[in-house]
Structures are given as structure tokens and as C-alpha cells.
Amino acid sequence: QVQLVESGGGLVQAGGSLRLSCTVSGTTRSINTMAWHRQAPGKQRELVAAISSGGLTNYADSVKGRFTISRANAENTVYLQMNSLKPEDTAVYYCNARVGNIVLRDYWGQGTQVTVSS
């Protein structure tokens, strides 16, 4: 059973930093794209950043230059380094992994709360 376990959320003041981690377990299949999404109260879930198995990255315009996504393939782990945090970054952050060798399937973590105070 594939599981994604996230950690690293919390409360931080504006301008501060947090680092989120997400580890995938329970599979021997290939882990392709890994990503972080977020959902603020009353808003739709949105893509924050994504990284391919080869290290290609993609970011939402709102976080470019402040957030960095990376991954450690040997540990099936993806990270999100968040710097210069703003109150509008407050949301539940979800890890996502696309898993499979031929048939691909998306899996999600349980979410971790990030709160940025002004």
C-alpha cells in the first residue's frame, strides 16, 4: 500500500522559512513526478511546485524565487524549501507522487498546515 508521509509544517512569522518533507513508502514501482500542492480556506487546491524524476522543476508564479523543490530519489523523498514566507502562503500543503512503470497513478499525502503570521 503506497503511503506518503509529510512533515515540516507549522507556524512562522512573515519573512521566515520552513522546509517540508514527504517520503513515499510501500511501492517498488517507479516514482515519476513529485509535487507540492496547497489549498487555502475557501480556495481551490493549486500546484505550488513539481519535480520530475530527472530533476526538471516547475513553479507557480507566486512562489518563484522564494520556494525550492528538490528530491532524494534514493530515499523516495521530496522537499520544499520555503523562504521569505508571506501570509498569503498560509494553506494546507499536500504532497503528490505519480507512481508506476506503465500505468501511472497519483497518490496524495494527508496534508500539513503552514501558517504565516503578519
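Refer to the structure presented above.
Attention in this report is confined to the structure presented alongside it.

Rules behind the numbers
- Residues numbered from 1 in each chain as written.
- Predicted model: local features only at pLDDT ≥ 70, side-chain atom pairs only at ≥ 80, totals over all residues.
- Heavy atoms only, no water.
- Pairing = 2+ DSSP bridges.
- Helix = DSSP H or I, 4+ residues; strand = E, 2+ residues; numbered from the N terminus.
- Axes fitted to C-alpha atoms, helices over the stretch in contact; angles between N-to-C directions.
- Buried < 20%, exposed > 50% of the residue type's maximum accessible area, 1.4 Å probe, protein only.
- Contact = heavy atoms within 4.5 Å.

Observations regarding the sheet that holds strand E1 (residues 3-7)
Pairing in this open sheet of four strands is antiparallel, and the strands run E1-E3-E8-E7 from one edge to the other. Here the strands that pair on one side only, and so sit at the sheet edges, are E1 and strand E7 (67-72). Recorded for the sheet is a direction-independent mean angle of 15° between the axes of neighbouring strands. Here five bridges tie E1 to strand E3 (residues 18-25), and the two strands are oriented antiparallel to one another. Considered in E3, the bridge of Ser7 is made with Ser21.

Some words on the environment of Leu20
Checked against the element boundaries, Leu20 lands in strand E3. Looking at Leu20, the relative accessible area reads 0%, which means it is buried. Distance from Leu20 to Gly8, taken between C-alpha atoms, is 4.5 Å for residues 12 residues apart in sequence. In this structure Leu20 touches Ser7, Gly8, Gly9, Trp36, Val78, Tyr79, Leu80, Met82, Tyr93, Thr112 and Val114, once residues within four positions along its chain are discounted.

Geometric values such as these leave the question of function open.
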